[in-house]
Amino acid sequence: MERKYISSPLLKLDANRETILEYFKNTWSLTELLFSGISKEETYYRRPYHKIRHPLIFYYGHPAVLYVNKLRVAGLLETPIDPQLETLLETGVDEMRWDDMREGDENLWPSVQRVREYRSLVFQAVCRLIETHPELETKNLPITHESRMWALVMSFEHERIHLETSSVLMRELPIQFLQPPAGWPLSMTKKKQTDFPKNHFIHREAGTVSLGKPQDWPTFGWDNEYGHEERNYQSFSTSSFLISNGEFLEFVKNGGYSEEANWSQEGWQWKRFRNIKWPTFWVADGPAGLHQFKIRTIFEIIDMQWDWPVCVNFYEARAFCQWKSQQENETHSYRLLTEAEHLALRDTKSLDPVMHKRSDAYNHNLVSGSESPVDAYPANDKGIHDSLGNVWQWCEDTFHPLSGSKPHPYYDDFSSPCYDGKHQMILGGSFISTGAEASIWARFHFRPHFFQHAGFRIVKEAKKMPGNYLYEGQEMVNKYLLMHWGEESDIHQNVPHTNAPFPQVVHLPVKCAQLMEQFSLDFGRALDLGCAVGRSTIELSRSFAEVIGIDYSQPFIECANKIKQDKRITYWRKDSGESGKEVTLRLSADLHPERSHFEQGDACHLPIRLGQFDSVLLANVLCRLEHPMNCLKRMQGENGLVRPGGILVMTTPFSWLEEYTAKENWLQGIPDVKKVLTEFELIYQEELPFMIREHARKFEYIITLASVWRRKPSSIQEPN
Ligand SMILES: [Fe+2]
């Protein structure tokens, strides 16, 4: 018997009027189906326990409001349907932190009856539009990015996003407020089971992946999916299965949630704030020490399914990696996938499964009503199970635009506010991702403390890690704290060799800030790219009104933020082996750390929202980048980081290494840099010898080349 699918395949942009109408009705009815799981009216007004989202009444009305508002922006609807609701239910929430709770708006919300009636009016208006509008005549198809009808398909896909996010909010409500809707897809469950498959690692050789949805691909895409990049990845090994509940139980049993060393600083704060002891959708079923659990699905509490993938947030996924790394102390460490690696694991077939009728090769598009066993679906041709679907997969990358992507004018703030280094990417879709969300092109993101139906797979690496992960770890943080903030006596003057050959070394982060101050003409905004633990950024707060420090390494950023907040930090200066000295740094009173702002980010993918700066510092970053030329090009052009007339201070020892930068991307000295920085003139150069101390008898002595560039004022565009 042919299986019945409740979610249609993703709409093609050349579909005829009837198919578009059918897709709209399918989208709409999925929302109705989900909300029919609400068993009593008060559920609509019940805030999720974390209180960082609106109650469900907002999310019931909000997709309908978006149809009206976007169709009006596109000129396809002339008048509002209910102006009051269309303001009240327009904007959702993107909290800053887990404790960024909203209170006191309980009386704002409309009655369920009113929202139902409103939805019905919107449904009729959209049906009428689809049935009658001349732009949907065959001769005017396909719908393109420039068509007004882009607003219509955008509204379909927006509603499908909220189908998933509302389902998570329901999963977070007490079970008595819900019931499984009649017709909700079944789950792949076993009655009682303790087994889960043993994970194993699949090796991939280094390679290149192409990112970005072609502009003319025949389905709708969100702005962040377009643009194009070729990205290299190093060889890596990753788990064939998603991490299962059973595999995660080991972490729980081993005290993973109570050992601070497993957690990032922010992750630990979140964990303590919430007093979390196991994954959020596990339900204790007996005394705590016995580790007996059931599992919460969207609508039910059922026997624990140990072979389902674990649903956790980014902090928990990272803590699991850290714990596992410590288990294999000497040999291996673990982390999450990068976006490029995730793409490298996909099936080689170029089809986008959600565009096709039989989309049951993966657990997505509501083939199932919940997660499924991690070995339920066959491995793809790379040996990977659930390369798509089942649960989203947390990635190491923060959300960023692809080169050449632009916001769509009908929804220009869809992605850009989240290119802030504070949203982690999730890829692959989940069982309830439908439409464009379940597409191979989907790129989504959430704050690291937030829950979706998301889990992870792990990457295993030899302990000496390549690339930017080299900068992780407390020892590295201590080394950079000393280099940035140490007294001269701590850095090198206590060297036991009186004849040690360390003449005239500069204190590099301080010297860089001095060069910025010396050559800058204006002191509005400064950017410190590759700021590490933040000395130059905070030094610059003396003279600049606003200074932004960005680094790829989260531990560096956490450390810089701590210094900013506490105006002090205590760290360990290693002398030899385990001997050393605790050093406390206190910021001097003439600094203004409150003018500084630190964020994690990738120098090759900097968001447009950063704007322009009077002065940009690029200190010893260039030869640690995958695409140094892209970073330099980002300094100039229409949205260039350096404003016309502004200054770029760059230091680099040109220490190229293939583990960071493919050979063809190496720049051989200033002449090569000149070829890229076409809108700049070189105004100053200086050799700067400096040292990084490893311990009392081991120092790295580096002579970096400082160069100062001024962006030509002639590149100022005349105002119209
Ligand atoms: Fe929305």
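Fair warning: this is a prediction, and the values are worked out from it, not measured in the lab. Residue numbers run consecutively from 1 along every chain, following the written order of its sequence. Local features in this predicted model are restricted to residues of pLDDT 70 or higher, and side-chain atom pairs are both shown and tallied only at a pLDDT of 80 or more, whereas totals for entire chains, interfaces and linings draw on every residue. In computing side-chain properties, one takes all heavy atoms of the structure into account and sets aside hydrogens as well as water.

Undergrad: Describe the overall build of the chain, with residues and values.
TA: Helix and strand assignments follow DSSP, with helices taken as H or I runs no shorter than four residues and strands as E runs no shorter than two, numbered in order from the N terminus. Along the chain, the regular secondary structure elements total 16 helices and 22 strands. Burial classes follow relative accessibility: with a 1.4 Å probe on protein chains only, a residue under 20% of its type's maximum area counts as buried, one over 50% as exposed, and anything between as partly exposed. Sorting the 720 residues of the chain into buried and exposed places 59% on the buried side. Note on contacts: a residue pair qualifies if any of its non-hydrogen atoms lie within 4.5 Å across the two residues. In the chain, 77% of the contacts between residues at least 6 apart in sequence involve partners at least 24 apart. If you sum the accessible surface of the chain, you get close to 29700 Å²; carbon and sulfur atoms cover 50% of it. Here the open area of atoms and residues is found with the Shrake-Rupley method and a 1.4 Å probe, where only the protein chains shown may cover a residue.

Undergrad: Tell me about the pattern of salt bridges, residues and numbers included.
TA: The salt bridge definition used is simple: a Lys or Arg side-chain nitrogen within 4 Å of an Asp or Glu carboxyl oxygen. Considering all chains together, one arrives at 27 salt bridges under this definition. Notably, a salt bridge pairs K294 with D303, separated by 3.1 Å at the nearest N-O pair. Residue K294 is classed as partly exposed on the basis of its relative accessible area of 26%. We note a salt bridge from E341 to R335, for which the minimum N-O separation is 2.8 Å. What makes E341 buried here is its relative accessible area of 4%. Under the relative-accessibility criterion, R335 is labelled buried at 7%. The network of salt bridges with common partners includes E229, R231, E339, D397 and R443.

Undergrad: Would you mind going over the environment of N26 in detail, with residue names and values included?
TA: Examined against the element boundaries, N26 turns out to sit in helix α1 (residues 17-35). As for N26 and C395, which are separated by 369 residues in sequence, their C-alpha atoms are 31 Å apart. Once residues lying within four places of it in the same chain are set aside, the contact partners of N26 are I6, S7, S8 and R160. The definition of a polar contact used here is a pair of N or O atoms within 3.5 Å, where within protein one atom must be able to donate a hydrogen and the other to accept one, and adjacent residues in sequence count solely through side-chain atom pairs. At 2.9 Å, the side chain of N26 forms a polar contact with the backbone nitrogen of S8.

Undergrad: Any details on the packing of helix α2 (residues 56-73) against helix α5 (residues 150-171)? Residues and values, ideally.
TA: When two helices pack together, their arrangement is given by the angle between the helix axes and the distance between those axes. Between N-to-C directions, angles cover 0 to 180 degrees, with each direction set by a line fitted to C-alpha atoms, over the stretch in contact for helices. Orientation of α2 relative to α5, taken along the N-to-C sense of each, is 170°, at an axis distance of 9 Å. As judged from the angle between their axes, α2 and α5 are roughly antiparallel. Residues L56, Y59, H62, P63, L66, Y67, K70 and L71 of α2 lie in contact with α5, whose contacting residues are A151, L152, M154, S155, F156, H158, E159, H162, S166, L169 and M170. Looking at the contact of α2 with α5, its residues break down into 12 nonpolar, 5 polar and 2 charged. With respect to orientation, any angle under 35 degrees is reported as roughly parallel, any angle over 145 as roughly antiparallel, any angle of 65 to 115 as roughly perpendicular, and every other angle as oblique. Gly counts as polar in this scheme, as do all residues outside two lists: the nonpolar Ala, Val, Leu, Ile, Met, Phe, Trp, Tyr, Cys and Pro, and the charged Asp, Glu, Lys and Arg.

Undergrad: Residue-level account of the side chain of S439, with values.
TA: Here S439 lies in the loop between β10 (424-427) and β11 (444-446). By relative accessible area, which is 6% here, S439 ends up buried. Here the side chain of S439 touches D352 through a polar contact of 2.7 Å, side chain to side chain. With residues up to four places along the chain from it excluded, the contact list for S439 reads L10, D352 and V354.

By themselves, these are just geometric observations and shouldn't be taken as functional.
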